[in-house]
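# Observations on the model geometry
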Amino acid sequence: PWIVDRATGEQVDAAYYASANRGKRSITLDFNTPAGRRIAQRLAAACDVVVENYKVGALARAGLDYATVRALNPRVIYCSITGFGQTGPYRNRPGYDFLIQGMGGLMSVTGERDDRPGGGPQRAGVALADITTGMYASNAVLAALYHRERTGEGQAIDLALLDAQVSVLVNQGMNWLIGGTVPVRSGNGHPNIVPYQAFATADGHIILAVGNDEQFRRFCDAAGRPDIAADPRHTTIADRNAHRDTLIPALAEVLRQRSSGEWIALLEAAQVPCGPINTIKQVFDDPQVVARGMRVDLPHPRAGTLPSIANPIRFSGTPIEYTHAPPVLGQHTDEVLRDVLGLDDAEVDQLRRDGVL
């Protein structure tokens, strides 16, 4: 959906753009021109961190590669994010989240089992490869800044979507590396923990996330079926995992006997981890999400007020401030060039007449 100008009704930017650009300042600059290249280099020389996601080698032609920027600013932290990294046989390939979810193994373990209706590879509903790579990037930049504070040295960071996706295979990756068995799709089930999945209720679905043996006993007691927990086939997680093909159908029959609300109230009282499967609307209406302030509304130069999703980090001493909605393209060009590079209005105007801005 579009962000719409409240005065004219014109479509300004998309919600996808807004999801990634809160708090930023936006400038437009054609660095394929000599003047634009010089400005980009001056900006890089004035920055602590440069982040880029061009194809491997593309910025070298524009004089904005790490070697050039480092010569201008030896303390710079230069973070390159590409599909496959700066080295290796795939380094020149373009990379997109969907491709990486497939190539990096995520889709092989996401989706219903192949022998069930609807089985087959399934991508995650959000761009997880993109998101996790971005989070690794922020972590890496902070570590590099800390190193620079101690040594005075900047450095380059080479991040690949594929590498990040492989890294977040976590237990599934280790299941293969240690056990030698290729993990497969298991629907809403868990490869190692039982029961840990979605179940149908009398009026919908809930998630039952039983993480240990005591929780399983409490669940069975609350459900009025202590006999299931007493069965020696179900004593430990390993036992339940070995007998999941008979246990899960038995639990499914039990859970169909009450509504989702009834189960959640009953199991929460018994301290058994469980919860609903919310729509996105229900997420933002949830009293816990509301109490935590996960929606923030920010003034926008054309839309009036724009909703946004809050940062989940809570600092005790330096709380996060929300000051800028996602900018309109080029909204801060003049401001940045004046504040960072000290250009005056006449110089900015001339650059705009020359098509650089």
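Just above, that's the structure.
Read on for an overview of the structure. Positions within a chain are numbered from 1, following the residues in the order the chain's sequence is written. It should be noted that, the model being predicted, local features are given only for residues of pLDDT at least 70 and side-chain atom pairs only at 80 or more, the latter also being counted only at that level, while totals for whole chains, interfaces and linings use all residues. Side-chain measures were taken over the full set of non-hydrogen atoms in the model, leaving aside hydrogen atoms and water.

In this section: the sheet that holds strand S8 (residues 274-276). Hydrogen bonds between backbone atoms are what pair the strands of a sheet, whose relative direction is either parallel or antiparallel. We call two strands paired when DSSP finds no fewer than two bridges between them. Going along the chain from the N terminus, every DSSP run of H or I of four or more residues is numbered as a helix, and every run of E of two or more is numbered as a strand. Within the open sheet, the three strands sit side by side as S6-S7-S8. Their pairing is antiparallel. Both edges of this open sheet fall to strand S6 (196-200) and S8, since each of them pairs with a single strand only. Along the sheet, successive strands turn relative to each other by an average axial angle of 25°, direction set aside. Against the sheet, helix H11 (residues 244-255) touches S6 and strand S7 (205-209), its axis set at about 45° to S6. Packing against the sheet, helix H12 (residues 260-269) makes contact with S7 and S8, and its axis sits at approximately 25° to S7. The axes are straight lines fitted to the C-alpha atoms, using for helices just the contacting stretch, and the angles between their N-to-C directions are given from 0 to 180°. Residue contacts are counted whenever heavy atoms from the two residues lie within 4.5 Å of one another.

Take the sheet that holds strand S3 (residues 49-52) next. What the three strands build is an open sheet, ordered S3-S4-S5; its pairing is parallel. This sheet does not close on itself; its edge strands, each paired only once, are S3 and strand S5 (155-160). On average, each strand axis in the sheet is tilted by 15° relative to the strand beside it, whichever way the strands run. Of the strands in this sheet, S3, strand S4 (77-82) and S5 touch helix H5 (residues 128-151), which is tilted by about 165° from S5.

Before going further, it helps to examine unusual backbone geometry. In the segment running from Val194 into Pro195, the intervening peptide bond is cis, with an omega of -5°. Secondary-structure assignment places Pro195 in the loop between helix H7 (170-179) and S6. Residues other than glycine seldom take positive phi values, yet Val170 does so here, at roughly 35°. Its place among the elements puts Val170 in helix H7. Categorising residues by exposure relies on relative accessible area from a 1.4 Å probe, with only protein chains included: less than 20% of the type maximum marks a residue as buried, more than 50% marks it as exposed, and the intermediate range marks it as partly exposed. Note on Val170: relative accessible area 52%, which makes it exposed. Positioned with a positive phi, Gln271 is a non-glycine residue whose angle comes to about 55°. Looking at the element boundaries, Gln271 is found in the loop between H12 and S8.

Time to look at the pattern of salt bridges. Salt bridges are identified by distance alone: a Lys or Arg side-chain nitrogen within 4 Å of an Asp or Glu carboxyl oxygen. This model, assessed by the stated rule, comprises 17 salt bridges. Between Asp213 and Arg240 there is a salt bridge whose closest N-O contact spans 3.0 Å. Remark: Arg240 occurs in helix H10 (residues 237-242) and Asp213 occurs in helix H8 (residues 213-222); sequence separation between them is 27 residues. Since its relative accessible area comes to 23%, Asp213 is described here as partly exposed. Between Arg217 and Glu214 there is a salt bridge, with the nearest N and O atoms lying 3.2 Å from each other. Of this pair, Arg217 and Glu214 both sit in helix H8, three residues apart, which is roughly one turn of that helix. Assessed through its relative accessible area of 36%, Arg217 is described here as partly exposed. Relative accessible area serves as the criterion here: at 38%, Glu214 is assigned to the partly exposed category. Connected via shared salt-bridge partners are Asp5, Glu10 and Arg302.

Checked against the element boundaries, Thr151 lands in helix H5. Taking the C-alpha atoms as reference, Thr151 lies 40 Å from Trp176; in sequence the two are 25 residues apart. Definition of a polar contact: a pair of N or O atoms within 3.5 Å, with one able to donate and the other able to accept a hydrogen when the atoms are protein atoms, and with sequence-neighbouring residues admitted only if both atoms are side-chain atoms. Side-chain polar atoms of Thr151 contact the backbone oxygen of His147, separated by 2.9 Å.

Turning our eyes to something else, we now look at the layout of surface pockets. Both cavities and pockets are sets of points on a 1 Å grid over the protein atoms alone; in a cavity a 1.4 Å probe fits but cannot get out, in a pocket the set is open with protein on both sides within 12 Å along at least five of seven lines, and lining residues sit with an atom within 4 Å of a point. Grid points are joined across faces, edges and corners, and a volume is the space filled by probe spheres set on the points. By volume, the second largest pocket is sized at about 690 Å³. Forming the boundary of the second largest pocket are 27 residues, of which Arg113, Arg116, Ser186, Gly189 and Gln197 lie nearest the centre. Residue assignment for the lining of the second largest pocket shows that the elements contributing at least two residues are H7, S6 and H11.

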